[in-house]
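Each chain, letter by letter, is given below.
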Amino acid sequence: MAKRFTNAVSGTCTLLLLSACWLAAGPQFSAAQELPGFSPAQEAPTRSVDLRNVWGAAAEASPEALANADALIDWIVEPEITLDVDPRRSKIIRTKRPVSRVSVTDPQILEVVQFSPSEFELIGGLTGQTSLTFWFEQPGQPSRMLRYLVRVSPNEAIEDRRKIEYHVLEKKINELFPDSMVQLIPVADKLIIKGQPRDAAAAAQILALVRGQAPDPSGGLGAGARLNKGLAAQPFPGTSELPPASVINLMQVTGEMQVLLKVRVAELSRTALREMGSEFNIDAGDFLFDSFLGISGPVRAVLDADEVRFLLEALSTNSYSKILAEPNLVTLSGHTAYFLAGGEFAVPVVVGVEGAAAVTTSFRAFGTQLTFTPTVLDKDRIRLVVAPSFSSINEANTVDGIPGLDTRSVSTTVDLREGQWLAIAGLLQDQQAGSIVRVPWLGDIPVLGTLFSKREIRREETELLVLVSPELVHPLEAEEAPLILPGMEVTEPGDLDFFVGGRYEGHPNCEHRSTVWPLHQRTMLEARCEAKRQARYQHSENYFIQGAHGFSR
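Each residue is numbered by its place in its chain's sequence as written, counting from 1. With pLDDT at 70 or above as the cut-off, local features in this predicted model cover only qualifying residues; side-chain atom pairs require 80 or more to be listed or tallied, and sums for whole chains, interfaces and linings still use all residues. For side-chain calculations, the full set of non-hydrogen atoms in the structure is used, while hydrogens and water are omitted.

1. Some points on a nonpolar patch on the surface
Then comes step 1: Taken together, the side chains of Leu 483, Ile 484, Leu 485 and Met 488 present a nonpolar region at the surface, about 460 Å² in accessible area.
Then comes step 2: Working definition: helices are DSSP H or I runs of at least four residues, strands are E runs of at least two. Numbering for both runs from the N terminus. Here Leu 485 shows up in the loop between strand 23 (453-473) and helix 7 (495-500).
Then comes step 3: Residue classification places Leu 485 among the partly exposed positions, given a relative accessible area of 45%. Residues with no salt bridge and a relative accessible area higher than 30% make up the patches, which join like charges within 9 Å and nonpolar side chains (Val, Leu, Ile, Met, Phe, Trp, Tyr) within 5 Å. Reported accessibility uses the Shrake-Rupley method at a 1.4 Å probe radius. Residues are deemed covered only where the shown protein chains occlude them. Salt bridges are defined as contacts in which a side-chain nitrogen from Lys or Arg sits within 4 Å of a carboxyl oxygen from Asp or Glu. Categorising residues by exposure relies on relative accessible area from a 1.4 Å probe, with only protein chains included: less than 20% of the type maximum marks a residue as buried, more than 50% marks it as exposed, and the intermediate range marks it as partly exposed.

Structure, rendered in structure tokens:
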């Protein structure tokens with residue numbers, strides 16, 4: 001007999017219809033035989049079924065549709081017997097009659113291997129339920145059908161093996177990290193990591209071990225966040241592989257995870273300039289001799305005669321500049337924070353080529369800028385990826401109306417304990433320059449050469465230092481918040497203090513609002529006038545009323 005397999009796919013609606021029909025028509029076969037659900041002595045009765053109840057159970061149908069179903073559908077057979085299959089052990093079925101056809105609804109749940117027309121092996125696959133149908137045919141006898149509801153149970157051996165192997169891995173992890181408490185819980189196709197690691201670095205390393213990957217060099221929750229997604233590695237690679245399991249990270253790192261970064265940028269620059277030179281002019285009739293060396297000093301000595309004019313100039317300049325910036329910024333561990341205190345100026349940018357060119361505007365920031373990413377490695381050890389910058393506008397570097405910038409910036413990664421300070425950048429710069437401009441030959445004469453030359457000496461000294469310090473912080477309670485903030489004590493002076501006293505700040509306890517002062521002043525004047533009228537009115541009552549009267553005071 002030829003071997004044939006037919007895969008029947010049925011939907012949810014079909015199952016509802018089959019269930020309704022089976023309840024209406026009753027069982028088609030008996031179950032008392034050597035092969036479960038089959039006996040050669042019993043013939044399957046062929047019974048017509050009224051399908052009106054079947055179709056009505058699924059959905060409301062028109063009379064025409066019900067009549068069409070009655071005319072076309074003869075009978076519907078539901079699975080009659082339940083058959084349990086263990087995925088670890090197959091079952092061999094030997095029939096008393098040859099089987100002409102076999103059908104499995106879901107081949108992924110159950111696999112049927114036919115050895116002969118009467119011998120079959122049932123192999124369980126995925127956990128679930130499916131239907132199995134046999135068709136029996138014998139010459140001279142009517143065809144018979146037998147349907148099973150096959151239930152494939154979960155593979156308990158694999159589940160037990162997963163629990164054992166992940167428990168061994170859990171013990172190894174707790175031995176490697178004695179200050180952490182971790183549990184590995186396999187559930188279905190997931191591996192739950194639960195517990196309390198010592199710090200964020202330990203959490204990232206534990207996740208790396210479970211995933212079978214190397215931890216991120218920064219060593220923090222940033223690496224753990226990436227390892228949360230994916231599958232767990234095999235606990236024992238030398239054995240047969242376990243089903244893949246997705247990692248679910250439920251570990252909680254205790255302690256403060258908000259970091260306050262304090263940055264101090266200090267710069268001191270000193271400049272000294274000394275200049276000395278001379279100019280003279282000789283005018284003797286047809287002879288003219290003029291020396292101009294471009295000197296513009298504040299001190300001048302002039303010798304002026306009818307034919308000779310001599311000018312001697314000297315200049316000495318000293319200047320200094322001081323910069324001190326202290327930006328503070330708070331963020332969570334593993335997150336990047338950005339701070340800017342300054343401004344932005346527009347920079348035109350040409351995009352496109354030739355005829356398609358256009359001008360757009362971009363903005364460039366200047367002032368105090370701070371970008372940093374903290375990672376809490378230990379209870380008080382913090383890794384900082386910090387990039388502070390301080391810039392100021394330099395009009396001397398203006399190009400096409402766009403000013404230049406003097407920038408001091410640094411970008412680095414350091415490890416610090418809470419409250420420690422570290423100088424992450426420093427600059428000690430000493431620049432010196434000198435120049436001389438002279439009249440050829442005359443400027444080279446000793447002593448007298450000073451009268452025919454200009455000399456200049458410039459020196460610049462710059463000291464720059466950048467300090468950083470991390471600190472673990474937590475939010476303040478409502479009663480701990482400061483009541484007085486910067487600027488709250490600054491008030492506006494009144495008219496008398498401003499025009500007469502010459503004050504541009506008012507008294508801290510005297511609040512003056514110039515925006516509503518004219519209206520308030522008019523209201524006060526009307527109130528005084530009304531009070532005076534009321535007093536005169538009450539005073540006139542004494543002429544007309546005897547005894548106590550008026551308003552109480």
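2. Some remarks on the confidence of the model for the protein
Then comes step 1: Residues of the protein with pLDDT of at least 70 account for 76%, and the chain-wide mean is 77.
Then comes step 2: As a per-residue quantity, pLDDT reports the predictor's confidence and falls between 0 and 100. Throughout, a residue-residue contact means that at least one pair of heavy atoms, one from each residue, lies within 4.5 Å. Counting contacts from residues 221-227, a segment whose pLDDT is below 50, to residues more than four positions away or on other chains yields 16 contacts.
Then comes step 3: Scored below 50 in pLDDT, residues 299-303 shows 14 contacts in the model against residues more than four places distant or in partner chains.

3. Points about the environment of Arg 211
Then comes step 1: Among the secondary structure elements, Arg 211 is positioned in helix 5 (residues 200-211).
Then comes step 2: By relative accessible area, which is 13% here, Arg 211 ends up buried.
Then comes step 3: Separated by 35 residues in sequence, Arg 211 and Ser 246 place their C-alpha atoms 9.6 Å apart.

4. Structural notes on unusual backbone geometry
Negative phi values dominate among residues other than glycine, just as trans dominates among peptide bonds.
Then comes step 1: Positive phi values are uncommon outside glycine, yet Ala 188 reaches one of about 55°.
Then comes step 2: Take Ala 188: it is sitting in the loop between strand 9 (181-187) and strand 10 (190-196).

5. A few points about the nonpolar core
Then comes step 1: Joining through side-chain atoms within 4.5 Å is the link that ties buried Ala, Val, Leu, Ile, Met, Phe, Trp, Tyr and Cys residues into a set, and such a set is a nonpolar core. Leu 261, Phe 372 and Ile 424 are the most contacted members of the largest nonpolar core, which has 25 residues in total.
Then comes step 2: The set of elements that each furnish at least two residues to this core consists of strand 12 (258-284), strand 15 (308-325), strand 18 (358-376), strand 19 (381-399), strand 21 (412-417), strand 22 (422-438) and strand 23.
Then comes step 3: Ignoring anything within four residues of it in the chain, the contact list for Leu 261 reads Pro 327, Asn 328, Leu 329, Leu 370, Phe 372, Leu 384, Val 386, Val 468, Ser 469 and Pro 470.
Then comes step 4: Counting 19 residues, the second-largest nonpolar core is a separate cluster that includes Leu 83, Val 112, Phe 120 and Leu 122.

6. A few points about the packing of aromatic side chains
Then comes step 1: Centre distance within 6.5 Å is the pairing criterion for rings of Phe, Tyr and Trp, where only the six-membered ring of Trp is used; planes under 30 degrees apart are then read as stacked, over 60 as edge-to-face, and the remainder as tilted. Across all of its chains, the model carries five aromatic pairs by this definition.
Then comes step 2: Ring centres of Phe 134 and Tyr 148 lie 6.4 Å apart, and the angle between their planes is 90°; on these two criteria the pair is classed as edge-to-face. Of this pair, Phe 134 sits in strand 7 (residues 128-138) while Tyr 148 sits in strand 8 (residues 141-152), and the two are 14 residues apart along the sequence. Per residue, the accessibility class of Phe 134 equals that of Tyr 148, and both read buried.
Then comes step 3: For the ring pair Phe 498 and Phe 499, a centre distance of 5.0 Å and an interplane angle of 85° mean the geometry is edge-to-face.
Then comes step 4: In textbook terms, an aromatic cluster arises when at least three aromatic residues are bridged by ring pairs, as seen for Phe 120, Phe 134, Phe 136 and Tyr 148.
Then comes step 5: Each ring is checked for a lysine NZ or an arginine CZ that lies within 6 Å of its centre and within 35 degrees of its normal; such an atom marks a charge sitting over the ring. A cation sits over an aromatic face here: Arg 101 above Trp 135, 4.2 Å from the ring centre.

7. Some details on the layout of surface pockets
Then comes step 1: Cavity: a set of points on a 1 Å grid over the protein atoms alone where a 1.4 Å probe fits but cannot get out. Pocket: an open set with protein on both sides within 12 Å along at least five of seven lines, its lining residues, like those of a cavity, having an atom within 4 Å of a point. Grid points are joined across faces, edges and corners, and a volume is the space filled by probe spheres set on the points. By volume, the second largest pocket is sized at about 290 Å³.
Then comes step 2: Lining the second largest pocket are 15 residues, and of these Thr 127, Asn 155, Ile 158, Glu 159 and Pro 243 sit closest to its centre.
Then comes step 3: Looking at which element gives the most residues to the lining of the second largest pocket, the answer is helix 4 (residues 156-176), with three residues.
Then comes step 4: Put simply, Ala, Val, Leu, Ile, Met, Phe, Trp, Tyr, Cys and Pro go in the nonpolar bin, Asp, Glu, Lys and Arg in the charged bin, and everything else, Gly too, in the polar bin. Considered class by class, the residues forming the lining of the second largest pocket number seven nonpolar, five polar and three charged.

8. A short note on the pairing of strand 4 (residues 99-104)
Then comes step 1: Counted residue by residue, strand 4 has five buried out of six residues, so it is predominantly covered.
Then comes step 2: Two strands pair under a simple rule: DSSP has to find at least two bridges between them. Inspection of the sheet shows strand 4 paired to strand 7 by five bridges, in the antiparallel sense. Within the sheet, the bridge partner assigned to Arg 101 lies in strand 7 and is Trp 135.

9. Brief notes about the pattern of salt bridges
For side chains of opposite charge, pairing can occur when their charged atoms come near one another.
Then comes step 1: Applying the stated criterion across every chain, the model contains 16 salt bridges.
Then comes step 2: Taking the shortest distance from any N to any O, the salt bridge between Asp 86 and Arg 89 comes out at 3.2 Å.
Then comes step 3: On the basis of relative accessible area, Arg 89 is assigned to the exposed category, the value being 52%.
Then comes step 4: Where salt bridges share partners, they join Asp 86, Arg 88 and Arg 89 into one cluster.

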